Number of protein chains: 2
Amino acid sequence: MDQNKIPQATAKRLPLYYRFLNNLNQQGKKRVSSKELSEAVKVDSATIRRDFSYFGALGKKGYGYNVEYLLGFFRSTLDQHEVTEVALIGVGNLGTAFLHYNFMKNNNIRITTAFDADTEKVGTDIGGVPVYDIHHLEEKLDDIKVAILTVPAVEAQVITDKLVEKGISGILNFTPARISVPKHIRVHHIDLAVELQALVYFLKHYSLDKPE
Amino acid sequence: MDQNKIPQATAKRLPLYYRFLNNLNQQGKKRVSSKELSEAVKVDSATIRRDFSYFGALGKKGYGYNVEYLLGFFRSTLDQHEVTEVALIGVGNLGTAFLHYNFMKNNNIRITTAFDADTEKVGTDIGGVPVYDIHHLEEKLDDIKVAILTVPAVEAQVITDKLVEKGISGILNFTPARISVPKHIRVHHIDLAVELQALVYFLKHYSLDKPE
DNA sequence: ACTGAATTGTGAAAAATATCACGACTTATT
DNA sequence: AATAAGTCGTGATATTTTTCACAATTCAGT
């Protein structure tokens, strides 16, 4: 909407920076240099300075960055003032892992609703989140714009279609299926098997001390 | 070691291609075009052709690619002939999800050993994988080169150090901690909270129909 | 055989990302 | 006040990745 100039690669690193700044702040640190931050998050210090510079001059030459100031800045940049409600579809092991994760701690994100087909799970609370019957997806999804998809691959497209119909904006897809959506909806894929296989491939084919 | 010319971006897509070729093959499809594949995996068709071209001329102009041939080619490229044994450290919800995932179906990867600190879990089998006491990591890890790290963040570095000492080559790190390792060891980070937050950020700041 | 439609493989260009390297400024110390 | 050490912000450059666009080739139909 507004800051379209920020490179996607930078945007993907912002949450990471944010979390580490939070840690530093909690440790009572007042200032931090790009070099220190670099060691903590394993991103080149020049890249960090460049990333920050897209938002203006946030630091002081010869000094570094004021942790509290930077944190406040990122808080508003990352929209941490307003809670984002998220639905979780599919309460298997992976889904349950998400339900137990406290996103509120660092991020103003809350999973408010979960869905599953298993009647044993429907009606329970997991990690404080009520689990509804997936067949009632249409009624219970009101106003939620983001969904985490942790269902079996075969269900992925059917459920996606329902989410789309209910006006979802973004989907974090953990199924191996590459789901199809209208082009105004954003889908991020995280494919655990692909990640594992890619790691194995890199180990076998790339010589040591190569980055990422 | 050998094919160092292949771009990293390409290498990361190979497992994805491989899985979809497998699907096609099981469906009995004999040929496929880069355009079809593109729709299935959501990667631009020119990118797919470019990716394949790093391995030589695998297709036929005006025809496309022979599914079986391509599959065989990738099988050997991705070292699918030799089983890769993987250890899983931390049998929480996320870890359990991995233990139930059958990587052998498409990939010749097998989780052979799991570790946890919880005495209730130690000694059990989950998804056919024996769970050992994490304090016996040193004795039971023999010869395993790849580990999946799904422990609480505070434990991450300590356990990593032990893995390094035992000669691990690669770690798939699901903890929010950015672990430190000697530079010849490869670590891939998958940070679930960061992924979720990045998605939310993109939704708020990037206008629609933007890619990835 | 010929024609038209489909599709690859790739040179070239564009776009995105990362890194280098240094002037300018800040702080601390003497 | 002067000096030294530390650090940012950024122009310039390098590297990586994606995309365009088209000649060359193949296939299917007549």
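Definitions and limits used
- Residues numbered from 1 in each chain as written.
- Chains lettered and ligands numbered in written order.
- Predicted model: local features only at pLDDT ≥ 70, side-chain atom pairs only at ≥ 80, totals over all residues.
- Heavy atoms only, no water.
- Helix = DSSP H or I, 4+ residues; strand = E, 2+ residues; numbered from the N terminus.
- Expected span 1.5 Å × (residues − 1).
- Bend = angle between axes of the 7 residues up to and from the residue.
- Contact = heavy atoms within 4.5 Å.
- Domains from an automatic or database assignment.
- Buried area = accessible area lost by both parts, 1.4 Å probe.
- Salt bridge = Lys/Arg side-chain N within 4 Å of Asp/Glu carboxyl O.
- Nonpolar A, V, L, I, M, F, W, Y, C, P; charged D, E, K, R; others polar.
- Near = heavy atom within 4 Å.
- Polar contact = N/O pair within 3.5 Å; in protein donor to acceptor, adjacent residues only side chain to side chain.
- Least-squares fit on C-alpha atoms with pLDDT ≥ 70 in both.
- Pairing = 2+ DSSP bridges.

## Some thoughts on helix α1 (residues 8-26) of chain A
The end-to-end C-alpha distance of α1 of chain A, which contains 19 residues, comes to 28 Å, matching closely the 27 Å that a straight helix rising 1.5 Å per residue would cover. Residue L14 of chain A marks the point of greatest curvature in α1 of chain A, where the axis turns by about 30°; the proline P15 of chain A follows within four residues. Those residues of α1 of chain A that are buried are in contact with β1 (31-32), α2 (34-41), α3 (45-53) and α4 (67-77) of chain A together with α8 (192-205) of chain B. After α1 of chain A finishes, the residue G28 of chain A shows a positive phi value of roughly 85°.

## Structural notes on the domain arrangement of chain A
Residue and element names in this part refer to chain A. Annotation of chain A at the domain level lists domain 1 (8-77) and domain 2 (84-194). Here the C-alpha centroids of domain 1 and domain 2 sit 31 Å apart. Counting from both sides, the interface comprises four residues of domain 1 and, opposite them, four residues of domain 2. At the boundary of domain 1 with domain 2, total buried surface from both sides reaches about 340 Å², with 34% on carbon and sulfur atoms. Of all residues in domain 1, the largest losses of buried area upon contact with domain 2 belong to Y18, R19 and N22, amounting jointly to 66% of the total for that side. Our count for the domain 1 to domain 2 interface comes out at zero salt bridges. Along the lines of polarity and charge, the residues of the side of domain 1 that touches domain 2 split into one nonpolar, two polar and one charged.

## Description of the protein's contact with DNA strand D
Near DNA strand D you find 26 residues, and of these S34, R50, G59 and G62 of chain A together with K61 of chain B are the closest. What you see for DNA strand D is that sugar and phosphate hold 58% of its atoms within 4 Å of the protein. G62 of chain A places a main-chain nitrogen or oxygen 2.8 Å from a base oxygen of DNA strand D. Of all the secondary-structure elements, those providing two or more residues to the surface near DNA strand D are α3 of chain A together with α1 (8-26) and α3 (45-53) of chain B. Residue composition of the surface near DNA strand D, by class: seven nonpolar, nine polar and ten charged.

## Here we look at the relation of the copies chain B and chain A
Under the fitted operation, chain B is carried onto chain A by 0.0 Å of movement along the axis and a turn of 180°, and the coordinates agree to an RMSD of 0.0 Å. Taken together, the rotation and translation describe the operation of a two-fold axis. In this assembly the copies share their binding face: 100% of the residues contributing to the interface of chain B also contribute to that of chain A.

## What about the sheet that holds strand β4 (residues 109-116) of chain A?
Residue and element names in this part refer to chain A. Read across the open sheet, the seven strands follow the order β5-β6-β4-β3-β7-β8-β9; overall the sheet is mixed. Looking at the sheet topology across the chains shown, the edges are occupied by β5 (125-126) and β9 (186-189). Where β5 meets strand β6 (residues 129-133), two bridges bridge the pair, whose relative direction is antiparallel. Bridge assignment links D125 to a residue of β6, and that residue is P130.

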